[in-house]
Amino acid sequence: MTGRAVARFVVFSALGLFLFLAPIPTGDGTFNIPLGIAIGWFESTVLRHGEVDVAVLLLLAVTTVSALGAVVLALARPTFREGSVLAHAFRTGPVYVVSRVFAAVFAWMIFTGVGPEVIVSPDTGGVMQGVAAHLIAVFVFLGFAIPILTDFGVMEFAGALVARTVRRLFTLPGRSSVDLMASWFGSSVASVILTRGQHEKGYYTGREAAVICTNFAFVSLPFSFVVAGFIGIEDDFLPWYLIICVVCVLLALVTPRIWPLRGLPDTFVDGSPADASRTQAEEAVPDGVPAARWGLRLATERASRTRLRDVAVTGLRTWVDIYADLIPLILAWGTIAVAIFEFTPVFQWLSTPMGWYLGLFGIGDAMTYAPATLIGFADMFLPSLLLGDAERTTQLVLGALSIVQIVYMTETGVTILKSRMPLNLGKLFAVFLIRTLVAIPVLAGLVWLVF
């Protein structure tokens, strides 16, 4: 443990924690993290020039290049060196090639306003254009900020300190506590990207990564305030948010111990079993050694192995993943999902049993607002659009439900499906539905007690 290694750990980990966790007053009575402030500034000043929305133009470029590159590689099959940037960006399966083509077509339809109303409507394509354009701004910074947080030892240090507690409560390694903090104060997408990287580097098994992404990829505190303000319950934000935190902890205790998460393969990406976990071995503090000292040793060893060049390479690969792959998929699948919700009665039909279920717990106008319990699977902000005229209790319960459901296809869901975690669409929906069914009575009871 050299002084240089300790300095690298302290300086870069402090920078990463500051970027993701430091609450900065914004002047309007709320707080935001430095990354959130930087992203907001970038969106408002760099990506908007008067009437020109640069983010939308970038979205057109990203989806078009992504689709053309994927089609060319699928048809011409040129040979690239394995692991090259072009192969990484454009070599993909048939389903994803078609998805990228849909994304490019949708992007141009929405931009020009030419096409079926079901696609170009402000309530469908317009919503998803805004989501995708926002993510373009988000990952300009997150691509390089995430490895600063994860690759200089803070994960190892936190893991050694809280390993026993986190393992017993949530069946997870101690280092996953950093994932929780990254999403709590930053963004759920950031947490999933962080977890995906840790899984692919061999720190989490498939089951552990899936548990983290479906329980710890929490909607950030600042965005939760945005949701509360949109619904009209910002005056009750503090007790409402505390209820959300309690329910999220309860769900994180329950869902890893039941199907489908419990039955997922507890193996690493290389096929080795969980009992070969280097993470669990590292986090096991030797007898007679203080946990903080052991954590510092692990942290400095990790910091000494990481170079700034590694951060740059990781950031660039994240950029390629996000801009060439993830954002087009979010635009394509999200637009289709929102269109089904807005222009068909499918969600109304599917949510009829949920209306009966809500009625059991005294939720007012249960059948009217039942779709809000399921539409969040498509996008987390959609339930808020339905709750503006609901009675107060319904707003408080279903608004909180939209936060604790966690699995949203337009954000975390697509990212999980594109990873190597053992979760498919059916299992993701099963987790979403279980979280919904467990959360509703708990939320209804707590809202009744508190309000």
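Caption draft 1: Region of the structure containing the overall build of the chain. The secondary structure content of the chain amounts to 23 helices and 4 strands. Relative to the 2.2 N^0.38 estimate, which gives 22 Å for 451 residues, the radius of gyration of the chain is 22 Å and therefore close to what a compact globule would have. Projected onto its principal axes, the C-alpha coordinates of the chain cover approximately 60 × 60 × 45 Å. Within the chain, the proportion of its 451 residues that are buried is 53%. Across the chain, the fraction of contacts at a sequence separation of at least 24, relative to all contacts at a separation of at least 6, is 74%. For the chain, the centre of its 29 positive side-chain charges and the centre of its 31 negative side-chain charges are spaced 14 Å apart.

Caption draft 2: Representation of the environment of Ser351 in the model. For Ser351, the position within the fold is in the loop between helix H17 (346-350) and helix H18 (352-360). The buried category is assigned to Ser351, whose relative accessible area is 0%. Discounting residues that sit within four places of it in the chain, Ser351 has contacts with Ala370, Pro371 and Leu374. Polar side-chain contacts of Ser351 include one of 2.8 Å to the backbone oxygen of Phe347.

Caption draft 3: Structural view of the pattern of salt bridges. For the structure on display, the rule yields 10 salt bridges. Between Arg100 and Asp325 there is a salt bridge, and its shortest N-O distance comes to 3.3 Å. With Arg100 in helix H5 (residues 94-112) and Asp325 in helix H16 (residues 308-343), the pair connects residues that are 225 residues apart, well separated along the chain. Of the two residues examined, Arg100 and Asp325, each falls in the buried class. With its nearest N and O atoms 3.0 Å apart, the salt bridge here joins Asp325 to Lys418. With Asp325 in helix H16 and Lys418 in the loop between helix H22 (409-417) and helix H23 (425-450), this pair connects stretches of sequence that are 93 residues apart.

Caption draft 4: Fine view of the confidence of the model for the chain. When pLDDT is averaged along the chain, the result is 86; 92% of the residues meet or exceed 70. The least confident element of the chain is helix H14 (residues 278-283), whose mean pLDDT is 58; the most confident is H23, at 96.

Caption draft 5: Spotlight on helix H8 (residues 154-170). Helix length check: H8 (17 residues) gives 20 Å between terminal C-alpha atoms against 24 Å at 1.5 Å per residue, more than 12% under. Of all the bends in H8, the greatest, near 70°, is centred on Val162. Val154, Met155, Glu156, Ala158, Gly159, Ala160, Ala163, Val166 and Phe170 are the residues of H8 that are buried. Immediately beyond the C-terminal end of H8, within one or two residues, lies Thr171, with a positive phi of roughly 60°.

Caption draft 6: Here's a closer look at the packing of H18 against H23. Direction vectors running N to C along H18 and H23 enclose 25°, while the axes themselves pass 10 Å from each other. By the angle between their directions, the pair H18 and H23 is classed as roughly parallel. For H18 against H23, the interelement crossing comes out right-handed. Facing Met354, Tyr357 and Leu358 of H18, the residues of H23 in contact are Thr436, Leu437, Ile440 and Pro441. For the contact of H18 with H23, the per-class residue count stands at 6 nonpolar, 1 polar and no charged.

Caption draft 7: Structural context of the packing of helix H3 (residues 54-76) against helix H7 (residues 125-150). Close contact between H3 and H7 brings their axes to 9 Å; oriented N to C, the two are set at 90°. It follows from the interaxial angle that H3 and H7 lie roughly perpendicular. Packed against H3, whose contacting residues are Ala55, Val56, Leu58 and Leu59, the element H7 presents Gln129, Ala132, Ala133 and Ile136 at the interface. Tallied by class, residues from the contact of H3 with H7 come to 7 nonpolar, 1 polar and no charged.

Caption draft 8: The nonpolar core, seen in detail. Core analysis: the largest hydrophobic core is formed by 119 residues, its most contacted members being Phe20, Phe139, Trp240, Ile244, Val404 and Leu443. Of all the elements, H7 adds the most residues to this core, at 13 residues. For Ile244, the residues in contact, after removing those within four places along its chain, are Phe218, Ala400, Ile403 and Val404. Judged by nonpolar contacts, the second largest core, of 5 residues, contains Leu73, Ala89, Phe90 and Val320.

Caption draft 9: Up close: a nonpolar patch on the surface. On the surface, Val52, Leu57, Trp108 and Phe111 cluster together into a nonpolar patch covering about 370 Å² of accessible area. Judged by its relative accessible area of 40%, Leu57 is partly exposed.

Caption draft 10: Up close: H3. Relative to the 33 Å expected for 23 residues at 1.5 Å per residue, H3 spans 32 Å between its end C-alpha atoms, a close match to the ideal helical length. Those residues of H3 that fall on the buried side of the exposure criterion are Ala55, Val56, Leu59, Leu60, Val62, Thr63, Ser66, Ala67, Gly69, Ala70 and Leu73. Sitting at the head of H3, Asp53 places a side-chain oxygen 3.2 Å from the backbone nitrogen of Ala55.

Caption draft 11: Geometry of the environment of Thr214. Inspection of the secondary structure assignment puts Thr214 in helix H11 (residues 206-215). C-alpha separation for the pair Thr214 and Ser188, spaced 26 residues apart in sequence, amounts to 10.0 Å. Dropping the residues within four chain positions of it, Thr214 is found in contact with Leu261, Ile406, Val407, Leu423, Leu428, Val431 and Arg435.

Reading the values: the criteria
- Residues numbered from 1 in each chain as written.
- Predicted model: local features only at pLDDT ≥ 70, side-chain atom pairs only at ≥ 80, totals over all residues.
- Heavy atoms only, no water.
- Helix = DSSP H or I, 4+ residues; strand = E, 2+ residues; numbered from the N terminus.
- Rg over C-alpha atoms; globule rule 2.2 N^0.38 Å.
- Buried < 20%, exposed > 50% of the residue type's maximum accessible area, 1.4 Å probe, protein only.
- Contact = heavy atoms within 4.5 Å.
- Lys, Arg positive; Asp, Glu negative; His and termini not counted.
- Charge placed at Lys NZ, Arg CZ, Asp CG, Glu CD.
- Polar contact = N/O pair within 3.5 Å; in protein donor to acceptor, adjacent residues only side chain to side chain.
- Salt bridge = Lys/Arg side-chain N within 4 Å of Asp/Glu carboxyl O.
- pLDDT = per-residue confidence, 0-100.
- Expected span 1.5 Å × (residues − 1).
- Bend = angle between axes of the 7 residues up to and from the residue.
- Axes fitted to C-alpha atoms, helices over the stretch in contact; angles between N-to-C directions.
- Parallel < 35°, antiparallel > 145°, perpendicular 65-115°, else oblique.
- Left-handed = near helix turned anticlockwise from the far one by under 90°.
- Nonpolar A, V, L, I, M, F, W, Y, C, P; charged D, E, K, R; others polar.
- Core = buried A, V, L, I, M, F, W, Y, C linked by side-chain atoms within 4.5 Å.
- Patch = residues over 30% accessible without salt bridge, like charges linked within 9 Å, V, L, I, M, F, W, Y side chains within 5 Å.
- Areas by Shrake-Rupley, 256 points an atom, 1.4 Å probe, with all protein chains shown as cover.

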